[in-house]
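# Structural description and commentary
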Amino acid sequence: MQHPDSQVNDLEITPNGQMVAACGYQHIRMYDLASANPDPVMNFEAITKNVSRVGFQENGQWMYTGGEDCTARIWDLRAGRPFQCQRIFQVPAPVNAVVLHPDQSQIMVGGQSGFIHIWDLKTDHNEQLIPEAEASIQDIAIDPEGKMMAAVNNKGNCYVWSLGGSMPLPVPRKHLQAHKKYALRCKFSPDSTMLVTTSGDCSARVWRTSDWSLMRELRHDTQRWVWDAAFSIDSRYLFTGSSDSYARLWDIEKGTLEREYCGHQKPITALAFRDQAV
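The paragraphs below set out a description of the structure included in this document. (Residues numbered from 1 in each chain as written. Predicted model: local features only at pLDDT ≥ 70, side-chain atom pairs only at ≥ 80, totals over all residues. Heavy atoms only, no water.)

A separate point is the overall build of the protein chain. Check the secondary structure of the protein chain and you find zero helices and 24 strands. Here the C-alpha radius of gyration of the protein chain, 18 Å, is about what a compact globule of 278 residues would show, namely 19 Å. Summarising its shape, the C-alpha atoms of the protein chain cover approximately 50 × 50 × 40 Å along the three principal directions. For the protein chain, the proportion of its 278 residues judged to be buried stands at 53%. Long-range pairs, those at least 24 residues apart, make up 39% of the contacts in the protein chain with a sequence separation of at least 6. (Helix = DSSP H or I, 4+ residues; strand = E, 2+ residues; numbered from the N terminus. Rg over C-alpha atoms; globule rule 2.2 N^0.38 Å. Buried < 20%, exposed > 50% of the residue type's maximum accessible area, 1.4 Å probe, protein only. Contact = heavy atoms within 4.5 Å.)

We now examine the pattern of salt bridges. Side chains bearing opposite charge may pair, as long as their charged atoms lie close to each other. Scanning all chains against the criterion turns up 14 salt bridges. Of the charged contacts, one joins Asp-5 and Arg-29 as a salt bridge, the two residues approaching to 3.0 Å between their closest N and O atoms. Within this pair, whereas Asp-5 is found in the segment before strand S1 (10–13), its partner Arg-29 is found in strand S3 (residues 27–32), the two being separated by 24 residues in sequence. A residue is classified by how much of its surface remains accessible, and Arg-29, at 12% relative accessible area, is buried. Here Asp-10 makes a salt bridge to Arg-185, at a shortest N to O gap of 2.8 Å. Of this pair, Asp-10 sits in strand S1 while Arg-185 sits in strand S17 (residues 183–188); the two residues are 175 residues apart in sequence, bridging distant segments of the chain. Since its relative accessible area comes to 4%, Asp-10 is described here as buried. Overall, Arg-185 belongs to the buried group, its relative accessible area being 6%. Put simply, Asp-10, Arg-53, Asp-139, Arg-185, Lys-187 and Asp-228 are held in one network by salt bridges that share partners. (Salt bridge = Lys/Arg side-chain N within 4 Å of Asp/Glu carboxyl O.)

So, about unusual backbone geometry. Phi at Gln-104 takes a positive value of approximately 70°, unusual for a residue other than glycine. Note that Gln-104 resides in the loop between strand S9 (95–100) and strand S10 (106–111). A positive phi angle, near 70°, is found at Asp-124, a position not held by glycine.

Scanning the entire structure with this criterion turns up eight aromatic pairs. Judged by centre distance (5.5 Å) and plane angle (35°), the ring pair of Trp-225 and Trp-227 falls under tilted. A relative accessible area of 26% places Trp-227 in the partly exposed class. (Phe/Tyr/Trp six-rings, centres within 6.5 Å; stacked < 30°, edge-to-face > 60°.)

With that out of the way, let us pick up the sheet that holds strand S18 (residues 194–199). The strands making up a sheet associate through backbone hydrogen bonding, with each pair oriented either parallel or antiparallel. Read across the sheet, four strands follow the order S17-S18-S19-S20 without closing on themselves; strand pairing throughout is antiparallel. What marks the edges here is a single partner per strand, and that holds for S17 and strand S20 (214–219). Strand after strand, the sheet turns through a mean of 15° between neighbouring axes, direction not considered. In this structure, strand S19 (residues 203–208) lies alongside S20, joined through five bridges in antiparallel fashion. (Pairing = 2+ DSSP bridges. Axes fitted to C-alpha atoms, helices over the stretch in contact; angles between N-to-C directions.)

Moving on, we come to the pairing of strand S7 (residues 71–76). If a strand is regular, its side chains alternate between the two faces of the sheet. Burial of S7 is extensive: six of the six residues sit out of reach of the surface. Alternating positions in S7 separate into two faces, Thr-71, Arg-73 and Trp-75 on one and Ala-72, Ile-74 and Asp-76 on the other, with burial throughout. Relative to S7, strand S6 (residues 62–67) runs antiparallel, the two being bridged by six bridges. Each bridged residue has a counterpart across the sheet, and for Trp-62 the counterpart in S7 is Asp-76. Connecting S6 to the next strand, S7, in antiparallel fashion are three residues, including Cys-70 with a positive phi near 70°.

Glancing now at the sheet that holds strand S4 (residues 42–44). Spatially, the four strands line up as an open sheet ordered S1-S2-S3-S4, and their pairing is antiparallel. Each of the sheet's edge strands pairs with one partner strand only, and the pair in question is S1 and S4. Between one strand axis and the next, the sheet turns through 20° on average, direction left out of account. Sheet topology note: the S1/strand S2 (residues 19–24) ladder contains four bridges and is antiparallel. Along S2, the bridge assignment pairs Leu-11 with Ala-22.

Given below as structure tokens:
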């Protein structure tokens with residue numbers, strides 16, 4: 001699939017598994033996974049600056065994005081083309097991370113200001129968290145059960161909150177010095193028992209959510225910045241993508257490298273993986 005005019009900042013497969021969205025500089029493009037057509041079948045243009053994140057509502061009715069234009073946006077995919085941005089949430093700094101709560105009612109927005117904004121889609125109100133002053137939020141993750149939220153920043157720190165219950169706001173739960181350098185991504189496993197963090201220190205680290213101990217450090221001799229990671233649906237395996245242009249498949253329990261995928265000429269900056277439970 002051709003995406004020649006900018007790096008890919010994020011990839012997300014649609015809920016029905018038929019298309020993949022790629023976001024980059026000033027655009028979002030969607031590609032048909034069932035087709036041999038290498039060109040995008042949908043384009044979302046008229047966006048300024050980098051689009052950093054993309055994701056979908058659980059039924060694929062709308063798409064959400066965030067970017068360096070200091071906004072999070074919602075795009076209605078049910079309306080006719082060209083697709084229009086339906087709602088805009090403005091924040092004071094460039095947005096690096098956007099994630100939808102599993103209950104589909106809130107979007108968490110994090111960016112270079114160090115703030116995490118909790119955008120309530122029903123009321124349009126928002127609350128704010130500041131886990132660490134003057135540290136850019138690089139990524140946010142919510143576990144599939146909607147009970148935990150994690151965020152990583154450019155100082156290598158990871159913050160975890162408890163969600164739900166009687167408290168309307170997230171409750172601080174854990175602070176991890178996850179990496180000594182720039183943290184890039186964090187994702188929960190499908191079974192909610194693990195959190196992976198990736199970093200500019202050339203590693204991905206897998207943490208147990210039961211006690212927040214380090215379960216596994218995944219490192220390879222030629223591996224450079226680890227930009228993204230994705231769990232298999234059974235939570236047994238992890239894919240990573242690195243600046244050395246390789247994607248890798250790891251057995252988490254054994255800590256072994258099972259497979260390497262080569263073919264890219266430049267850094268792999270985004271991964272998306274979707275498989276089906278048997």
